[in-house]
Amino acid sequence: DIKVTLHQNLFWKNCGDPELERIRKENTLVPADGYHSSDCFGKYEDEYVGKKRYDILKPDQTVTKVHCKVLLGHILPLMRFTDGFKLSIPIDSLDMPFRSSWQLVVGDKKKGEQYNFIVD
């Protein structure tokens, strides 16, 4: 697992926001009206995203470790009512788990040049 933090500043950006437009140029999969407008939060609400881990101190001064499953349907309420929520997600569910390895190959590419590499 890898620990990630959910940040509100980009999640709630709307169409016309310069920062969202910049990100959409780099990644066309980002919804035009912003991440919050994606229908995946309702369509796939039961999909597993990761887990939140807590240590709870009990009255007898012992610690109990708690693991709460986080589903995709939980993301919108979490983004609405928290900032900086941290959870652990499986690394194999990331879009590009080997991104840092590929940085050596395509790190200094210019716009459009990322498609000039073929891996056999």
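The structure presented is a predicted model; accordingly, all values stated were derived computationally and were not measured.

Caption draft 1: Fine view of the overall build of the protein. The helix and strand tally for the protein stands at five helices and four strands. In sequence order, the secondary structure elements of the protein are arranged as β-α-α-α-β-β-α-β-α. Per-residue burial over the protein gives 18% buried out of 120 residues. Relative to all contacts within the protein whose residues are 6 or more apart in sequence, the contacts with residues 24 or more apart total 53%.

Caption draft 2: Layout of the pairing of strand β2 (residues 48-57). The sheet contact formed by β2 and strand β3 (residues 63-71) spans nine bridges and is antiparallel. From the neighbouring strand, Lys52 faces β3, where its bridge partner is Cys68. Where β2 folds back on β3, the antiparallel hairpin that results is connected by five residues, among which Gln61 adopts a positive phi of roughly 70°.

Caption draft 3: Structural context of the packing of aromatic side chains. Applying the stated criterion across every chain yields a total of two aromatic pairs. Plain terms: the ring middles of Phe11 and Phe41 are 5.7 Å apart, the flat faces sit at 65° to each other, and that makes the pair edge-to-face. One end of the pair, Phe11, is in helix α1 (residues 8-11); the other, Phe41, is in helix α3 (residues 40-43), with 30 residues separating them in the sequence. Across the pair, Phe41 and Phe11 agree in class, each one buried. The residue whose ring lies beneath Lys52 is Tyr54, and the NZ or CZ to ring-centre distance is 5.4 Å.

Caption draft 4: Representation of the nonpolar core within the structure. In this structure, Leu6, Phe11, Phe41, Val70, Leu72, Ile75, Leu78, Met79, Phe85, Leu87 and Ile89 together form the largest nonpolar core, which totals 11 residues. Of all the secondary-structure elements, those providing two or more residues to this core are α4 (72-81) and β4 (85-89). At four residues, α4 tops the list of elements feeding residues into this core. Other than its neighbours up to four places away in sequence, Leu78 contacts Val70 and Phe85.

Caption draft 5: Spotlight on the pattern of salt bridges. If you walk through the whole model with that rule in mind, you get seven salt bridges. Its salt-bridge partner being Lys51, residue Asp1 comes within 3.6 Å of it at the nearest N-O pair. Placement of Asp1 in the segment before β1 (2-6) and of Lys51 in strand β2 is noted, with a sequence separation of 50 residues between them. The exposure class of Lys51 is partly exposed, given its relative accessible area of 23%. For Arg22, the salt bridge goes to Glu26, with nearest N and O atoms at 3.4 Å. Here Glu26 and Arg22 lie together in helix α2 (residues 18-26), a separation of four residues that amounts to about one turn.

So, how was this worked out
- Within any chain, residue numbers begin from 1 and follow the written order of that chain's sequence.
- Under the rules for a predicted model, residues below a pLDDT of 70 receive no local features and side-chain atom pairs below 80 are neither given nor counted, while totals for whole chains, interfaces and linings still include all residues.
- The side-chain values count all of the structure's non-hydrogen atoms but skip hydrogen atoms and water molecules.
- Helical segments are the DSSP runs of H or I of at least four residues, strand segments are the runs of E of at least two, and each set is numbered from the N terminus.
- Between buried and exposed lies partly exposed: a residue is buried under 20% and exposed over 50% of the maximum accessible area for its type, with that area taken using a 1.4 Å probe on protein chains only.
- We call two residues in contact when some of their heavy atoms are within 4.5 Å.
- One requirement defines pairing of two strands: DSSP has to find at least two bridges between them.
- The rule is short: rings of Phe, Tyr and Trp, with Trp giving its six-membered ring, pair when the centres are within 6.5 Å, and they are stacked under 30 degrees, edge-to-face over 60, tilted in between.
- We call a charge positioned over a ring when the NZ of a Lys or the CZ of an Arg lies within 6 Å of the ring centre and within 35 degrees of the ring normal.
- As used here, the term nonpolar core means buried Ala, Val, Leu, Ile, Met, Phe, Trp, Tyr and Cys residues forming a set that is joined through side-chain atoms within 4.5 Å.
- Salt bridges, as used here, are contacts in which a Lys or Arg side-chain nitrogen is within 4 Å of a carboxyl oxygen on Asp or Glu.

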